[in-house]
Structure formats: structure tokens, C-alpha cells
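# Results of the structural survey
Next come the chains, spelled out residue by residue.
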There are 2 protein chains.
Amino acid sequence: MTDGLMTIREMCDSFNVTPRTLRFYEDRELISPERRGQHRLYNRSDRARLTLILRGKRFGFSLEQIRQILELYDPSERNYRQTQQALATARERLSDMERQYTELGAAIIELRAQILGAEAEIDAEEAVPPASPAQASGMTGDSR
Amino acid sequence: MTDGLMTIREMCDSFNVTPRTLRFYEDRELISPERRGQHRLYNRSDRARLTLILRGKRFGFSLEQIRQILELYDPSERNYRQTQQALATARERLSDMERQYTELGAAIIELRAQILGAEAEIDAEEAVPPASPAQASGMTGDSR
DNA sequence: GTCGTATCTTACGTTGACGTAAACTTCCCC
DNA sequence: GGGGAAGTTTACGTCAACGTAAGATACGAC
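This report concerns the structure included in the present document. (Residues numbered from 1 in each chain as written. Chains lettered and ligands numbered in written order. Predicted model: local features only at pLDDT ≥ 70, side-chain atom pairs only at ≥ 80, totals over all residues. Heavy atoms only, no water.)

### Looking at the protein's contact with DNA strand C
Applicable threshold: Residues are counted as near a molecule or strand when any one of their heavy atoms sits within 4 Å of it. Whenever two N or O atoms come within 3.5 Å, that pair is a polar contact, provided that in protein one can donate a hydrogen and the other can accept it, and provided that, for residues adjacent in sequence, both atoms are side-chain atoms. Secondary structure elements follow DSSP: runs of H or I no shorter than four residues count as helices, runs of E no shorter than two count as strands, and numbering proceeds from the N terminus.
Near DNA strand C there are 18 residues, and of these A:Thr18, A:Tyr25, A:Lys57, A:Leu63 and B:Arg40 occur at the shortest range. When atoms of DNA strand C within 4 Å of the protein are sorted by moiety, sugar and phosphate together comprise 69%. For DNA strand C, a base oxygen lies 3.4 Å from a polar atom in the side chain of A:Gln38. One nitrogen or oxygen atom from the side chain of B:Thr7 is found 3.4 Å from a phosphate oxygen belonging to DNA strand C. Mapped onto the surface near DNA strand C, the elements with two or more residues apiece are α2 (19–27) of chain A together with α1 (8–15), α2 (19–27) and β2 (39–41) of chain B. In terms of residues, the surface near DNA strand C owes the most to one element, α2(A), which gives four residues.

### Some details on the interface of chain A and chain B
Stated precisely, the cut-off is as follows: Contacts: residue pairs with any heavy atoms within 4.5 Å of one another. When two parts are brought into contact, each loses some accessible area as probed by a 1.4 Å sphere; the total of that loss over both is the buried area. Basic side-chain nitrogens of Lys or Arg form a salt bridge, by our definition, when they fall within 4 Å of a carboxyl oxygen of Asp or Glu. Put simply, Ala, Val, Leu, Ile, Met, Phe, Trp, Tyr, Cys and Pro go in the nonpolar bin, Asp, Glu, Lys and Arg in the charged bin, and everything else, Gly too, in the polar bin.
Residue-level contacts link 37 residues of chain A with 37 residues of chain B. Approximately 3800 Å² of surface area, both sides summed, lies buried where chain A meets chain B, with 66% of it carried by carbon and sulfur atoms. Interface area lost by chain A to chain B is led by A:Tyr101, A:Leu104 and A:Leu111, which between them contribute 16%. For B:Glu103, the salt bridge identified is with A:Arg55, shortest N-O distance 4.0 Å. For the interface between chain A and chain B, the tally reads nine residue pairs in polar contact (both at pLDDT 80 or more). Of all the elements in the fold, those that place two or more residues in the side of chain A that touches chain B are α3 (44–58), α4 (63–73) and α5 (80–127) of chain A. In terms of residues, the side of chain A that touches chain B owes the most to one element, α5(A), which gives 28 residues. Within the side of chain A that touches chain B, the residues separate by chemical class into 18 nonpolar, six polar and 13 charged.

### Some points on the relation of the copies chain A and chain B
Basically, it comes down to this: The atoms used to superpose the copies are C-alpha atoms, taken from residues with pLDDT of at least 70 in both, and the fit is least squares.
In the superposition of chain A on chain B (RMSD 0.2 Å, axial shift 0.0 Å), the rotation amounts to 179°. Each copy turns onto its partner about a two-fold axis. Taking C-alpha positions as reference, the residue of chain A nearest the rotation axis is A:Gly60, located at 2.0 Å. A shared binding surface is used by both copies, with 100% of the interface residues of chain A retained as interface residues in chain B.

### Regarding the protein's contact with DNA strand D
Taken together, the neighbourhood of DNA strand D is formed by 19 residues, with A:Arg40, B:Thr18, B:Tyr25, B:Lys57 and B:Leu63 sitting nearest. Backbone sugar and phosphate groups make up 70% of those atoms of DNA strand D lying within 4 Å of the protein. Interatomic distance of 3.3 Å between a side-chain N/O atom of A:Thr7 and a phosphate oxygen of DNA strand D. In this structure, a base oxygen belonging to DNA strand D sits 3.0 Å away from a side-chain N or O atom of B:Arg20.

### Some remarks on the packing of α1(B) against α2(B)
Residues and elements named next belong to chain B. Spelled out, the test is: Every angle, taken between N-to-C directions, lies between 0 and 180 degrees, and every axis is a line fitted to C-alpha atoms, over only the stretch in contact when it is a helix. Angles below 35 degrees are treated as roughly parallel, those above 145 as roughly antiparallel, those between 65 and 115 as roughly perpendicular, and all remaining angles as oblique.
Orientation of α1 relative to α2, taken along the N-to-C sense of each, is 105°, at an axis distance of 9 Å. With respect to their mutual orientation, α1 and α2 come out roughly perpendicular. The segment α1 lies against α2, with Ile8, Arg9, Met11 and Cys12 engaging Pro19, Leu22 and Arg23. Here the residues of the contact of α1 with α2 are counted per class, giving five nonpolar, no polar and two charged.

### Observations regarding the side chain of A:Arg47
Residue and element names in this part refer to chain A. We count it as follows: Remark: exposure states derive from per-residue accessible area (1.4 Å probe, protein chains only) relative to the maximum for the residue type, with buried under 20%, exposed over 50%, and partly exposed in between. Residues counted as positive are Lys and Arg, residues counted as negative are Asp and Glu, and His and the chain ends are not counted.
Inspection of the secondary structure puts Arg47 in helix α3. Within the buried set, Arg47 has no salt-bridge partner at all; the shortest N-O distance to an opposite charge, 7.1 Å, is to Asp46. Aside from chain neighbours lying at most four places away, what touches Arg47 is Gly4, Met6, Met11, Phe15 and Tyr42.

### Details of the nonpolar core
Worth spelling out the cut-off: For this analysis, a nonpolar core means a set of buried residues of the types Ala, Val, Leu, Ile, Met, Phe, Trp, Tyr and Cys, connected via side-chain atoms within 4.5 Å. Throughout the structure description, domain borders are defined by an automatic or database domain assignment.
One finds A:Leu50 and B:Leu50 to be the most contacted residues of the largest nonpolar core, which totals 68 residues. Residues lining this core come from more than one domain, with at least three contributed by each of domain 1 (1–76) and domain 2 (90–127) of chain B. Discounting chain neighbours no more than four positions away, the residues touching B:Leu50 are B:Met11, B:Phe15, B:Leu22, B:Tyr25 and B:Ile31.

### A short note on the environment of A:Phe59
Note on placement: A:Phe59 falls in the loop between α3 and α4. Take A:Phe59: its relative accessible area is 2%, and that puts it in the buried class. When residues no more than four places from it in sequence are discounted, the contact partners of A:Phe59 are A:Met97, A:Gln100, B:Arg58, B:Gln100, B:Glu103, B:Leu104 and B:Ala107.

### Examining the side chain of A:Arg93
In this structure, A:Arg93 sits in helix α5. For A:Arg93, a relative accessible area of 9% corresponds to the buried category. Dropping the residues within four chain positions of it, A:Arg93 is found in contact with A:Phe61, A:Gln65, A:Ile69 and B:Leu111.

Have a look at this one:
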């Protein structure tokens, strides 16, 4: 704890995931916690990787795509060809993300407009209620 | 064709999806093409919806979430309560997207930095090629 | 008519990302 | 030394989002 190592339970609590999820990510080689006896222990780097994993998921990437990006962050394999490969796929992901960023900006503007439009329609309907027998909300702005 | 109606095949070709996918979206009520005989015919509005569907998928939304957003774009059901419900979920999606937009911007910057870092390392290695047959100082694992 | 092709429905199969249940160690506590 | 708590492996189950195969239908061409 003081040396920055966390148990699987502490990890689950602080990242809001289940043990199953962490073991699953390990099986898919997205993370490789140290073993003390038979227990897993996660260090600072493992936590950083998990943060990236969860973020990548929010962006809609698959675990496999995320794994490839993580290779770039990983100082382990100092193999030239593999690093080049990691770089290539990372550049692809980056361009995906840049495209998505632009598109997302546009989509936000569109959705905002759509919401404003729908709100306007509702306001109009409230001003002229559609023949309902009982209407309780007092939004009748009648000023003498 | 001239009246803006497209067959399922034309849709598949222009949106790069399979017939199965279109029928599946229809089954989940994300789209409802007109029927001429037993064949499906997609109009301009159907195409607009499909564009939104595919975009939503790229953002990582589920088909169900997308369906709820689409209700807002749909001028069919003019039911007050349902419109309010659609508005509520649309606002949630919007705030998701705004959060994701910010986060994505940060992630792009991070990944760019990471790529630059890896490129720098490679340049350094290229400057001092490790292909010497004599033993290196460290443990580079592979010895041949 | 029948042949080809385009589409349709029905239904079981697959893949990714986990959930869940069962049965086993390990360690600590009393 | 028996009990619990935390963790482990193994393996089958599940859900979303389709893939894929089988057989029926419709329509124009020949």
C-alpha cells in the first residue's frame, strides 16, 4: 500500500471494475500485474495502463486495438520491428481519434440544435394545450 | 431511383453495410423503410437516420442509446410524455458526448506525445545500430 | 414454362467482453 | 485446528451485434 502496490480488490474499488474484468484484461495481455505468492499486485504503471484501457473503451475502441496502443507505452519489448509496428497502428488510432474528434464536435452542435428544436415545439404545445380535459400546471402567463 | 428511393442493395453499397445489418436495425426499430410488395425501399430520411446510426456507433454508443436519440429526430410520435422522455435521454447523451469530446482532445495530445517519444527512441537506436555481432553491455535477450 | 437474380423470412452460429457458479489454496484469528 | 476472508483457477452462461445457411417468393428475360 505504501509502496504503491494495490490488491485486486483495491483496484476494483478505485476503478469501479470487477475482479473478473481485471483478470480478463490480463488474459488478453493488456496488463500484467506482479505476483506475490498467488496473489496479484498492481503497481503505478498498471494503474496507468488501466486508465488508458478504460478511456479507450469509452472512445469505442476494442480491447485488441487498445492492446496495440499500449504496446507503445510499454518500455519492455525493445524490438525494432515490433516498435515500428506499434508505431504504425498507434498512428492509425491517432488519426481515427482526430477524425472522431472533428466528427464529435459537429455531432454535438447538431444534437444541441435538435434538442433546442424539440424544446421549442414543446413550448408551443404548452401555449396551446391539445384539448386535454384537465391541465394542472400553472404556466398561463395572463397579465390582465 | 429518381424519386430518391433506394433498394437494400443500393443502400448497402453506398453505406458499406450488409443487408443483414439493415434488417437488424429495422428489427430493433432504428429505421423503418417503406415496403413495395415485399421489398424494402429507403428514402432520404431513412438514409439520414442510417448516417446518424453509423456515426453513433463510431462514438461507441449502443444501438439502444442511438434509438433513443433518433426518437428526437423523428417527427412521428407527437406524444408529450414520450417527447419529454426523448429529450431527457438526448440531454444525457449530449453531456456524454461533451465529456467525451474534452477527454478525446486530451487523449489525442497524449498519444501524439507518446508517438513522438517512440520516434525519438528509434532515431537514437538508428544512430547507434545494435547489429554488432559482439556481445552488448546489457541483456537484450536475443543473441545470435 | 423456367431460369436467373434479387429479395425475403427463419433460425441457428459466432465474436467480444465480460458474468457467474463451483471448488481449491493461503493466511490470519481465536 | 476450525473458521472465515480474500484470492485463485476452470469453465459454462449471457448479451449485443451481427454472420451465415436454408428455403420460400416474386419478377423480368428468354
